[in-house]
Amino acid sequence: MSATATTTARAHPEKNYLNADHTIASWLLTTDHKRIAVLYLISVTFFFFIGSIAAGLVRLELTSSQGLLLTSEAYNKMFSAHGVVMIFFFLLPSIPAAIGNFVIPIQIGARDLAFPRLNLLSWYLYIIAGGLILFALAGGGFDAGWTFYTPLSSLYSDTQITIALVAIFIAGFSSIFTGLNFIVTVHKMRAPGMTWFRMPLMVWANYATSLLMMLGTPVVAITLFLVVLERTLGIGIFSAEIGGDPVLFQHMFWFYSHPAVYIMVLPGMGVISELISAFSKRPVFGYHFVAFSSLAIAGLGFLVWGHHMFISSQSVYLGVIFSLITFLVAVPSAIKVFNWAFTMYKGYVEFKTPMVYAIAFLGLFLIGGLTGLFLAALDTDVHLTGTYFIVAHFHYVMVGSSTIAFLGAVHFWWPKMFGKMYNEFWGTLSAIVIFAGFNFTFFPQFILGYLGMPRRYHYYFFEPAWEVYNVMSTMGASILAIGFLMPAFYLTASLLNGKKAPQNPWGAKGLEWEKAASPPVTFNFSEPVVVTEPAYNYPSADRPGGAMVHQLDQLDEDIEKLEGD
Amino acid sequence: MAEHAAHHHEPGEDVVFGQYETIEQQRESYIVGMWTFLVTEVMFFGGLFLVYTLYRWKYAEVWHGMSLHLNFWLGGINTAVLLLSSFSVAWAVQRAQVGDTKNQIRLLWFTVACACTFLVIKFIEYREKIVHGLYPDWAYQGLPDVEFGPSRLFMSLYFAMTGLHGVHVLVGIIVITTLIFMTKAKAPSISDYIPTEMVALYWHFVDLVWIFLYPLFYLIPA
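These figures come from a predicted structure and were not determined experimentally.

Enquirer: Which residues make up the overall build of chain B, and what values do they have?
Expert: On a plain count of helices and strands, chain B comes out with six helices and zero strands. Viewed in the frame of its principal axes, chain B has a C-alpha envelope of about 70 × 30 × 30 Å. Out of the 222 residues in chain B, the part that is buried amounts to 38%. A fraction of 73% describes how many contacts in chain B between residues 6 or more apart in sequence connect residues 24 or more apart.

Structure representation (structure tokens):
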């Protein structure tokens, strides 16, 4: 089937991966990485809105210190649903499986991922897992948080935890298969001339992410499965009453779940490298450092899990060591931020929608990263852990960084994915509204946390002074919700009657812009790709008139377009 | 690009799927993919081996006492059976490389037979434990000569680890049988020895896990 499609695409250039075939089966049984990416894009967006509804209810509940809206149990289930859906069904697959799936093969000049059928299988596993989690929610929900600490999850909780854990187990394999596919693809499918150090940084970041997926996910899968075994077959590995160690669960859980934080943020960092370079028309400053910092973050990510357990009966010496290694993570993260800033320096910066998202990322990641240092320090962590400070911190990293990067990526590659332009005004506005709403929502939570408000509390009638910050936060969340809904409208509008996108609307470097049509044909390129230059090979702005070169190029393109019309 | 696609296949010719440029690229991708998958598997079992290590270190005496109650001979026979199956599957790969399909299939069937024998023996062992009230759920009865709680922990790990391994054996049986039928049917994707080698790699891994499990459970010194 696929071969025929390519031949047709050559004969009729207007054929692309979207209109190659129109049947439903051609979508549900596709092995084209671009179609699978679109399937993922739709599914993660769906789960994002499910998770958002749960978040909305949590925020609404906390506007009052009395706990008026939900019962305690319903509240517990709500934040558990929010955490599980957002982390396992939105953040983990969002950039790798939806965006990376689309762009990585094109960026390295391949026709598809190494294992297209495995790619489809991983989407089906994700959908099965997603169906199970919805089933668990419909069946009454689960209340042990997204962390599922034993013995609450294994012994005390009488909710749909078993189904939820099985769902996460299956979703884990979906993510493992995506990671495996990326690793093999990056190793073996690069086009002639695409050396390791010519790869776009998006590919490096996703490669590092894949390593984390391969090494971490199986550990959490088996850990959660042991809880399932205890709940169903009575095989208690973490049961204290037979001499087992419930804290061991936490060690094994965080051995994955800390790297999982980097699975969520590293692909976002890859996206930001692409965006900043494309909209500054400059090569990424210190390419090698940015590439290796991804690997460094991945490596260090496996050595810091204990910082989640400073108050979980861990020895102080262990705590000190984990604290020191955690500080080290700041180094590669800072390398990235400084290098992005230097990339823009003397660049020809254009504030198109994706760039506005990228700038928002820089600001929010800075706050998210720096507040991480408060939590890495052993003694401040004892005060702040388990409070809203930590909630604010990880939302700055996961929403402020990963989700914003995801939106930036969607806006950047949207013309490539669907061949349509969106409304630039609404795009920029949505980025600004999200940035404002986000800060409005989560900055008050830093203060709340510092004042000592514990996370996961259903009411706080004993401290009414916290109410004002909570109300502020909920108001911010409403703005944030509007910001998140806006793209749903103008992106749909762009699909329906957007302007046709040219091959390279941003004047960016990269195979996906220079060699592939918008949208690309089924096997990506209509002629074999040979790479002859490094990534981001923009004329240097340091040379006299460097920035001018771009403006002239832009003019040339505009004139060509006018003549074409 | 379309030159390499699967539907141009003629019997006896290598099949290169659409995403690959050359047969070498395809072979190497399969090999890298399989080894990467096995790394994941190592981490998967690794979590359990970590738990085992910690608990054995904490309850060394109980671990020794309980290992005396496992069936040394049945476990030993099973080890021999799996080693034999690893040998036969390796031989099958060699036969596939020289294109001797007939003996390749015979050896694969032999491997499946070994795998089934392993499961039958494992079933007998499980049954024995359950009959003696050693299944580690709430009805666990324990043994008079070992501490009750940790002994249940030992049996929990025993069932979890050998059970997970058993599931892998079962998957191995399914995969090898599928390979046999696809080879017999001359499926286009089985045009060379690489699929057999990939299946064999998986099977060696399953065997290797047992090589660790046997001494760790059955042969614990005082």
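Read on, since the account is not over.
Enquirer: Before we move on, can you summarise the overall build of chain A with the specific residues and values?
Expert: In terms of helices and strands, chain A carries 18 helices and zero strands. At 24 Å, chain A has a C-alpha radius of gyration in line with the 24 Å of a compact globule built from 565 residues. The principal-axis extent of the C-alpha atoms belonging to chain A is close to 75 × 50 × 45 Å. Residues counted as buried form 57% of the 565 residues belonging to chain A.

Enquirer: Go over the interface of chain B and chain A with me, naming the residues and quoting the values.
Expert: Often, the extent of an interface is quoted as the loss of accessible area upon association of its parts. Counting residues at the interface gives 34 residues for chain B, matched by 37 residues for chain A. When residues of the side of chain B that touches chain A are traced back to their parent elements, those giving at least two are helix 1 (23-58) and helix 5 (148-184) of chain B. Grouping the constituent residues of the side of chain B that touches chain A by class yields 19 nonpolar, twelve polar and three charged.

Enquirer: Which residues make up the environment of A:Leu39, and what values go with them?
Expert: Residue and element names in this part refer to chain A. Looking at the secondary structure, you find Leu39 in helix 3 (residues 33-61). Separated by 446 residues in sequence, Leu39 and Leu485 place their C-alpha atoms 20 Å apart. For Leu39, the residues in contact, after removing those within four places along its chain, are Trp27 and Trp123.

Enquirer: Run through the nonpolar core, naming residues and quoting values.
Expert: The biggest cluster of nonpolar side chains holds 235 residues, and the ones touching the most others in it are A:Ile133, A:Leu224 and B:Leu157. In terms of residues, this core owes the most to one element, helix 8 (residues 201-233) of chain A, which gives 22 residues. If near-sequence neighbours (up to four positions away) are discounted, A:Ile133 is found in contact with A:Val84, A:Val85, A:Phe89, A:Ala164 and A:Ala167.

Enquirer: Describe unusual backbone geometry, naming the residues involved and giving the relevant values.
Expert: All names here are of chain A. In the segment running from Thr150 into Pro151, the intervening peptide bond is cis, with an omega of 0°. You can see Pro151 is positioned in the loop between helix 5 (116-138) and helix 6 (152-156). Omega for the peptide link from Ser518 to Pro519 comes to -15°, which places this bond in the cis form. Along the chain, Pro519 falls in the loop between helix 17 (511-514) and helix 18 (546-564). Look at Lys281: it is not a glycine, yet its phi comes out positive at around 50°. Although it is not a glycine, Arg456 sits at a positive phi angle of roughly 65°. Position of Arg456 among the secondary structure elements: in the loop between helix 15 (424-451) and helix 16 (467-497). Judged by the 14 C-beta atoms lying within 10 Å of it, Arg456 falls in the partly exposed class.

Enquirer: Now, about the confidence of the model for chain B: what can you tell me, with residues and values included?
Expert: Keep in mind that low pLDDT regions are not for reading the predicted coordinates in detail. Residue and element names in this part refer to chain B. A residue-level look at chain B finds 94% of positions with pLDDT of 70 or above and a mean pLDDT of 91. Long-range and interchain partners of residues 1-7, a stretch whose pLDDT sits below 50, account for 16 contacts in this model, where long-range means more than four residues apart. Among the scores for the predicted complex, ipTM is 0.92 and pTM is 0.92.

Enquirer: Tell me about the packing of helix 7 (residues 161-188) of chain A against helix 8 of chain A, and name the residues and values.
Expert: Residue and element names in this part refer to chain A. Helix 8 packs onto helix 7 with a crossing angle of 155° between their chain directions and a minimal axis gap of 8 Å. In this view, helix 7 runs roughly antiparallel relative to helix 8, as classed from their interaxial angle. For the crossing formed where helix 7 meets helix 8, the hand is left-handed. Counted by class, the contact of helix 7 with helix 8 contains 21 nonpolar, nine polar and one charged residues.

Enquirer: Can you tell me about helix 7 of chain A, naming the residues and giving the values?
Expert: For helix 7 of chain A, which comprises 28 residues, the first-to-last C-alpha distance of 40 Å matches the rise-based estimate of 40 Å (1.5 Å per residue) to within 8%. Taken across its 28 residues, helix 7 of chain A has 23 buried, putting it largely inside the fold.

Enquirer: Can you lay out the environment of A:Ser153 for me, pointing to particular residues and giving the numbers?
Expert: Residues and elements named next belong to chain A. Along the chain, Ser153 turns up in helix 6. Placed 133 residues apart in sequence, Ser153 and Gly286 show a C-alpha to C-alpha distance of 46 Å. If sequence neighbours within four positions are ignored, Ser153 has contacts with Ala144, Phe148, Ile161 and Val227.

Enquirer: How would you explain the packing of helix 2 (residues 60-67) of chain B against helix 5 of chain B if you had to name every residue and give the values?
Expert: All names here are of chain B. The interhelical angle for the contact between helix 2 and helix 5, taken along N-to-C directions, is 60°, at an axis separation of 9 Å. Like other packed secondary-structure pairs, helix 2 and helix 5 cross with a definite hand, here right-handed. Residues Val62, Trp63 and Met66 of helix 2 lie in contact with helix 5, whose contacting residues are Pro150, Ser151 and Phe154. The residue makeup of the contact of helix 2 with helix 5, split by class, is five nonpolar, one polar and no charged.

Enquirer: Help me get a handle on the confidence of the model for chain A, residues and values and all.
Expert: With 95% of its residues at a pLDDT of at least 70, chain A reaches an overall mean of 92. Long-range and interchain partners of residues 1-12 of chain A, a stretch whose pLDDT sits below 50, account for 22 contacts in this model, where long-range means more than four residues apart.

Enquirer: Quick rundown of helix 5 of chain B? Include the residues and the values.
Expert: If you check helix 5 of chain B, its first and last C-alpha atoms are 53 Å apart, about what 37 residues at 1.5 Å a residue would give, namely 54 Å. A positive backbone phi angle near 50° is found at B:Lys186, which sits one or two residues after helix 5 of chain B.

Conventions used here
Residues numbered from 1 in each chain as written. Chains lettered and ligands numbered in written order. Predicted model: local features only at pLDDT ≥ 70, side-chain atom pairs only at ≥ 80, totals over all residues. Helix = DSSP H or I, 4+ residues; strand = E, 2+ residues; numbered from the N terminus. Buried ≥ 20, exposed ≤ 12 C-beta atoms within 10 Å, placed from the backbone. Contact = placed C-beta atoms within 7 Å. Rg over C-alpha atoms; globule rule 2.2 N^0.38 Å. Nonpolar A, V, L, I, M, F, W, Y, C, P; charged D, E, K, R; others polar. Core = buried A, V, L, I, M, F, W, Y, C linked by C-beta atoms within 7 Å. pLDDT = per-residue confidence, 0-100. Axes fitted to C-alpha atoms, helices over the stretch in contact; angles between N-to-C directions. Parallel < 35°, antiparallel > 145°, perpendicular 65-115°, else oblique. Left-handed = near helix turned anticlockwise from the far one by under 90°. Expected span 1.5 Å × (residues − 1).

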